[in-house]
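Listed here are the chains, written in short residue letters.
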Amino acid sequence: MTPGDTIVAPATPFGVGGLAIVRLSGPSSEQITSLLLQKPGATFSFPEPRRATLVTLYDQKGTPFEEAMVTFFKAPHSYTGEDIVEISCHGNPVVVQKIVSACCAHGARIADPGEFTRRAFLNGKMDLIQAESVSSFIHAQSEASAAFNFRLLKGSLSKKFQTIKTGIVKALSFVEFELDISEEDLLPNLRSDLFLLLNPLLKEIDELIGSYRQGHLLTDGALVVIVGKTNVGKSTLLNALSEKDRAITSRHPGTTRDPIDVSLFIDGVPIKLVDTAGLRKAKSEIEHEGIKRTHRYIYDADLLILLKDTPGAVGIDLPDKNRAAVIRVFNKSDLLSAEQRRQLQRKYPDHLFISAKTNTGIETLKSAIKTTLGISDALSSTVAITTARQHAAAVNCKRGLERALCLLDQQPAAYELVALELREALTAIDTVLGKTTPDDILNLIFNSFCVGK
Ligand SMILES: Nc1nc2c(ncn2[C@@H]2O[C@H](COP(=O)(O)OP(=O)(O)OP(=O)(O)O)[C@@H](O)[C@H]2O)c(=O)[nH]1
Ligand SMILES: [Mg+2]
C-alpha cells in the first residue's frame, strides 16, 4: 500500500444484476468522484456524508452515461477509516468497468485483493482476527457458519485474546517494576501474585487451542472419505448419505476409478463426502492411478468411513501416518442372517452395521459422523479459533507462559528471563491482535503502582 493513494474496485461480483457497487477509498475519493459527477461548466456541490444522493455520471467528454446513487463516508467514519465513496449503479459489467476506468483516469488505482480490509486493519478499524473473519463470513456456506463468523467479526474471539493479553501485560508490568523501578522490596508477594495471574491465563489459552478443531470445522468444513476394498458398496453409500444418485454403482469390482465428491451439511457443518476407488491390487494403469488418488484422500481426510463387506468381513490396512478419525462399518447387513449378525457384532463390537442398498442404519451412521467430528448443537454458539495462524499464535503464547511459570518455580526466580518469556507470549498474541507498544506496559505500571509517591 502506498500511503495517500486512492483505490477503486467493484464491491459486488462480476456479472449482470439489478445493482452493482463501485467503491473508492483514500484521500482523493471525493475529488475523483467529483470529476465524474460534474457536468462541465455547471456549478456543483458534492453529496453530504452518509446521504445517498442520486447523481448523473459523465465521461471525460462530458457525455452523461449513467445515473447512480452516491454515498460518501468521511474519514474516519468508514469501513477503511479513510474517505470512502460508494457508487451504486446499474448491474451491467460494462457500466461498472466504465466507472472504474474513469476513476483510474482521474488518479485512482485498482485495489489489490483484500486491500480495503487491509486498510481497515492498518487504520485500526479492526484487528487481524476480525480481518480474517471478514473473508470467512463472506464465504460461509451455512447459517451456522455465518452466525459463528459474524460473532468473530464483531470481536468475540478478539476479546478472548485481548483478556489474555491484558493479563500478560499486567504480569509483565509487575516484573518490569521489580526489575527497573523497585529498589526496596515493594512487591513481597511477586512470585505468588504472578502464579495467581498466569495460571488462569494458561487455562484460557489452552481452551482456545482446544477450540481450533471446532472453529476449523464450522468455517472450512470436514473432509469425510469412504474407503474400502472394491465392491463393498462405497458408491452405494455415497448415494445413500447424500440422497443423490451421484456415483455409478455396479456388481463389477473396480467400478469407481476417479474419486467422486458431494457436498452436504450436517447441522450446519459443510461436509465434503468422497467416494474413492476400491483398494485392491490394480489390474490396469488407470486403476493404479485411481488407487493412488484414494491414498491421497486417506492422507487428507478428517474422517474415514472404513467400509467392509459382509459376511466375508475382509478389511484393509490403513497407512500408519493417517491422522483421520475412523468409523468402521459393515455394509450389506441385509445379507446377514440374525445369527451371523450376532456373531459379527460380538467379534467387532466397535463396528456399525448398515445396508446402503436398503437405507438401513444410515441415520445411525450420520449420528456417528456427527459425534466423531465433534459436531453439536452448541457448536454454532461457540467462540473458537478458526485459522492455522491463530492456532500457531495461541500455541506460541502458551509455550511462553509455560516457560515463564517454570522459571518462577526456580529459587531464586530469574525475573529477567521471566520477563523475556512473557514478552515472547505477548509477541505471539500480537501476531493476531496487533502490536503492543511499550506505552501499554508503561501505562499499566503507572496506573497500578503509585510510582510518583
Ligand atoms: N445386498 C446389498 N448389496 C449392496 C449393498 N450396497 C451395495 N450393494 C451392491 O454391491 C455392489 C457394489 O456396490 P458399489 O456401490 O458399486 O460398490 P463399490 O464399493 O463402490 O465398488 P467399486 O467402485 O468397484 O470399488 C452393487 O451391485 C450394489 O448394488 C447393500 O447394502 N446390500
Ligand atoms: Mg464405487
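See the structure above.
The rules behind these values
- Residues numbered from 1 in each chain as written.
- Chains lettered and ligands numbered in written order.
- Predicted model: local features only at pLDDT ≥ 70, side-chain atom pairs only at ≥ 80, totals over all residues.
- Helix = DSSP H or I, 4+ residues; strand = E, 2+ residues; numbered from the N terminus.
- Rg over C-alpha atoms; globule rule 2.2 N^0.38 Å.
- Buried ≥ 20, exposed ≤ 12 C-beta atoms within 10 Å, placed from the backbone.
- Contact = placed C-beta atoms within 7 Å.
- Pairing = 2+ DSSP bridges.
- Expected span 1.5 Å × (residues − 1).
- Axes fitted to C-alpha atoms, helices over the stretch in contact; angles between N-to-C directions.

1. Overview of the overall build of the protein chain
Then, number 1: Across its full length, the protein chain holds 15 helices and 12 strands.
Then, number 2: Taking 22 Å as the expected radius of gyration for a compact globule of 453 residues, we find that the protein chain reaches 30 Å, considerably beyond that expectation.
Then, number 3: Taken along the three principal axes of its C-alpha coordinates, the protein chain extends 85 × 80 × 40 Å.
Then, number 4: Within the protein chain, the fraction of its 453 residues that count as buried is 35%.
Then, number 5: Look at the contacts in the protein chain between residues 6 or more apart in sequence, and 62% of them connect residues 24 or more apart.

2. A word on the sheet that holds strand S6 (residues 109-110)
Then, number 1: Read from one edge of the open sheet, 6 strands run S3-S4-S5-S2-S1-S6, paired in mixed fashion. The sheet is open, and its two edges are formed by strand S3 (53-58) and S6, each paired on a single side.
Then, number 2: Bridge analysis of strand S4 (residues 64-73) against strand S5 (residues 84-91) gives 5 bridges, and the strand direction is antiparallel. Paired with methionine 69 across the bridge in S5 is serine 88.

3. Considerations on helix H4 (residues 128-139)
Then, number 1: Counted at 1.5 Å a residue, the expected span for H4 with its 12 residues is 16 Å, and the 17 Å between its end C-alpha atoms agrees.
Then, number 2: Along its buried surface, H4 packs onto helix H5 (143-153), helix H6 (156-181), helix H8 (212-220), helix H13 (388-408) and helix H14 (415-433).

4. Brief notes about unusual backbone geometry
Then, number 1: Look at the link from alanine 75 to proline 76: it is a cis peptide, with omega at 5°.
Then, number 2: One can find proline 76 in the loop between S4 and S5.
Then, number 3: Residues glutamine 411 and proline 412 are joined by a peptide bond in cis, for which omega reads -10°.
Then, number 4: Phi is positive for aspartate 267, close to 50°, though the residue is something other than glycine.
Then, number 5: Within the element layout of this structure, aspartate 267 appears in the loop between strand S8 (260-266) and strand S9 (269-275).
Then, number 6: Judged by the 16 C-beta atoms lying within 10 Å of it, aspartate 267 is partly exposed.
Then, number 7: A positive phi angle, near 60°, is found at lysine 332, a position not held by glycine.
Then, number 8: Looking at where lysine 332 falls in the secondary structure, it is placed in the loop between strand S11 (325-330) and helix H11 (338-347).
Then, number 9: The buried category is assigned to lysine 332, around which 22 C-beta atoms lie within 10 Å.

5. A word on the pairing of S5
Then, number 1: Pairing between strand S2 (residues 17-25) and S5: 8 bridges, direction antiparallel. Bridge assignment links serine 25 to a residue of S5, and that residue is isoleucine 84.

6. A short note on the sheet that holds strand S10 (residues 303-308)
Then, number 1: If you trace the 6 strands from one edge of the open sheet to the other, you get S8-S9-S7-S10-S11-S12, paired in mixed fashion. Only two strands of the sheet have a single neighbouring strand rather than two, namely S8 and strand S12 (352-353).
Then, number 2: Two strands pair when backbone bridges link them, and S10 and S11 are joined in this way by 6 bridges, in the parallel orientation. Bridging across to S11, leucine 307 finds its partner in valine 329.
Then, number 3: Of the strands in this sheet, strand S7 (222-228), S9 and S10 are in contact with helix H10 (residues 285-300), which crosses S7 at around 135°.

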